[in-house]
Amino acid sequence: MDVGVTSLYDLSYDELKALLASWGEPAYRASQLWNWLYKRLAPDFDAMTDLPAQLRQRLAAETRLYRLRLVAEQQSSDGETRKLLLALPDGQMIESVLMGYSRRRTACISTQAGCGMGCVFCATGQMGLLRNLSSGEIVEQVLYLERELRTSERERGLTNIVFMGMGEPLANYAATLAALRRLMDPTGFNFGARRITISTVGLVPAIERFSREGLQVGLAVSLHAATDALRNQIVPINRRYPLARLMAVCRDYVARTGRRLTFEWALIQGVNDGPEQAEALARLVTGLLCHVNVIPLNPTRGYPGSPSTRERVAAFRAILERAGVPCTVRVRRGIDIEAGCGQLRTEVEMQVSSPAPAAT
Ligand code: SAH
Ligand code: SF4
């Protein structure tokens, strides 16, 4: 078993440097290795041809490269969405999704196995929290998808990364931030902050902290209700961080970063899709640089609600737009393979199509 062995993708550049220095290696080896890890995406240690054989052997003996193992892969019928079921070294499972449409290639990645926030309509929430992912386990999901794309799509890699898979990123704050910084590192993977979005259920103190990190990473807040009475029922964390406090930190985020905030709203027929909620939402966000992204609810097994009809979606949107609040309707994707928002839940009976061995 691998548990406890140093995973190279869990290390920051300084930690990697310290590890190699402790082995008596010259300083430049760290930057060579970093290059193989984050620019060349080496499939294994043997590929790292400018490292001496002895060092490669020691790395192979005492550290690990990729630790996520592909267990199953599914592709949506339109071919645009691929969902990967990945096993972590301790046997926990997570899902990552690759979406390829409108000339974007977006990785939707997980930050936790399961989630402890308990939003009633969300399949991941219905699992409960199993554990936090390490920064390396978050980073590796991105690199896995990037490697796939680079080999299959004529060298064109990911254009966007969204932290919208399983889990609440801001409940795993340290690992999420470390992963972000590593992915954005200009000497490594060099992914642009503006092409990354973190989605949060609304953990007020963590949003406050995130606003002060000085990053240009996009933030999406999953609102789903504009009154405390309703939000308490469907997004239980609202009982701890009610709307007034949430909106205050949202305003602060926009003031500090100058970035437009996204509010997410899953439209549930007869629950949060009526004119009162639309009007309450418009009042809540008055004067705030934001846009609202609505999506008809994706079905999950543990929740009886159904998606709003086309007419109700249009009516909801019209109220917002009349009030000057930009609103986009997200097209539901990957529903046939349960890869849509809030549908990710790992389960053993998942249909296996084209399983492939993971890289080392
Ligand atoms: N925990 C974070 C990010 C992961 S969930 C968050 O809640 O924001 C990603 C998005 O999917 C969130 O906006 C979430 O509210 C939404 N979502 C969850 N369940 C859904 C469902 N059944 N249908 C549509 N969207 C859903
Ligand atoms: Fe967790 Fe987000 Fe699902 Fe809520 S919607 S249970 S915060 S993953």
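Chains are numbered independently. Their residues run from 1 in the order of the written sequence. In the order they appear in the text, chains get letters beginning with A and ligands get numbers beginning with 1. A pLDDT threshold of at least 70 governs which residues receive local features in this predicted model, and a stricter bar of 80 or more applies before side-chain atom pairs are shown or counted, although totals over entire chains, interfaces and linings include all residues. Processing note: side-chain calculations cover all non-hydrogen atoms of the structure and skip hydrogens and water entirely.

Participant: Whenever I open this one, the overall build of the protein chain confuses me. Can you help?
Facilitator: A run of DSSP states H or I qualifies as a helix once it reaches four residues; a run of E qualifies as a strand once it reaches two. Both are numbered from the N-terminal end. A tally of helices and strands in the protein chain yields 11 helices and 14 strands. Its C-alpha atoms give the protein chain a radius of gyration of 21 Å, within 12% of the compact-globule value 21 Å for 360 residues. Each of the three principal axes of the protein chain carries a C-alpha extent, and together these read 70 × 45 × 35 Å. Each of the 360 residues in the protein chain was classed as buried or not, and the buried ones make up 54%. Across the protein chain, contacts joining residues at least 24 apart in sequence account for 67% of those joining residues at least 6 apart. Taken over C-alpha atoms, the radius of gyration is set against a globule rule of 2.2 Å times the number of residues to the power 0.38. Under the scheme applied here, a residue whose accessible area is under 20% of the maximum for its type counts as buried, over 50% as exposed, and between as partly exposed, the area being computed with a 1.4 Å probe on protein chains only. In this analysis, two residues are considered to be in contact whenever any of their non-hydrogen atoms come within 4.5 Å of each other.

Participant: When you look at the domain arrangement of the protein chain in this model, what are you seeing that I'm missing?
Facilitator: Interface size, as often reported, equals the accessible area lost upon joining of the parts. Marked domain ranges trace back to an automatic or database domain assignment. Looking at the protein chain, the domain boundaries give domain 1 (13-64), domain 2 (67-192) and domain 3 (201-331). Inter-centroid distance (C-alpha atoms) of domain 1 to domain 2 is 25 Å. Between domain 1 and domain 2, the contact holds 8 residues from the first and 12 residues from the second. The rule for a salt bridge is simple: a side-chain nitrogen of Lys or Arg has to be within 4 Å of a carboxyl oxygen of Asp or Glu. Where domain 1 touches domain 2, the interface holds 0 salt bridges. Two N or O atoms form a polar contact when they lie within 3.5 Å of each other; inside protein one atom must be a possible hydrogen donor and the other a possible acceptor, and for residues adjacent in sequence the pair counts only when both atoms belong to side chains. Linking domain 1 with domain 2 are 3 residue pairs in polar contact (both at pLDDT 80 or more), by the criterion used here. Considering every element that reaches the side of domain 1 that touches domain 2, the biggest residue donor is helix α2 (residues 28-38), with 3 residues. Side-chain classes are defined by residue name, with Ala, Val, Leu, Ile, Met, Phe, Trp, Tyr, Cys and Pro counting as nonpolar, Asp, Glu, Lys and Arg as charged, and the others, Gly among them, as polar. Split by residue class, the side of domain 1 that touches domain 2 holds 6 nonpolar, no polar and 2 charged.

Participant: I keep staring at the sheet that holds strand β9 (residues 160-163) and nothing clicks. Help me out?
Facilitator: To summarise the sheet geometry, strands pair through backbone hydrogen bonds and adopt either a parallel or an antiparallel arrangement. Each pair of strands is called paired provided DSSP finds at least two bridges between the two strands. Within the open sheet, the 10 strands sit side by side as β3-β4-β5-β6-β9-β10-β11-β12-β13-β14. Their pairing is mixed. Each edge of the open sheet is held by one strand with a lone partner, namely β3 (69-75) and β14 (327-329). Between one strand and the next, the sheet's axes are offset by a mean angle of 20°, whatever the strand orientation. Of the strand pairs in this sheet, strand β13 (residues 290-296) and β14 are connected by 3 bridges, and their pairing is parallel. Convention adopted: a line fitted to C-alpha atoms gives each axis, helices being fitted over their contacting stretch, and angles between N-to-C directions are expressed from 0 to 180 degrees.

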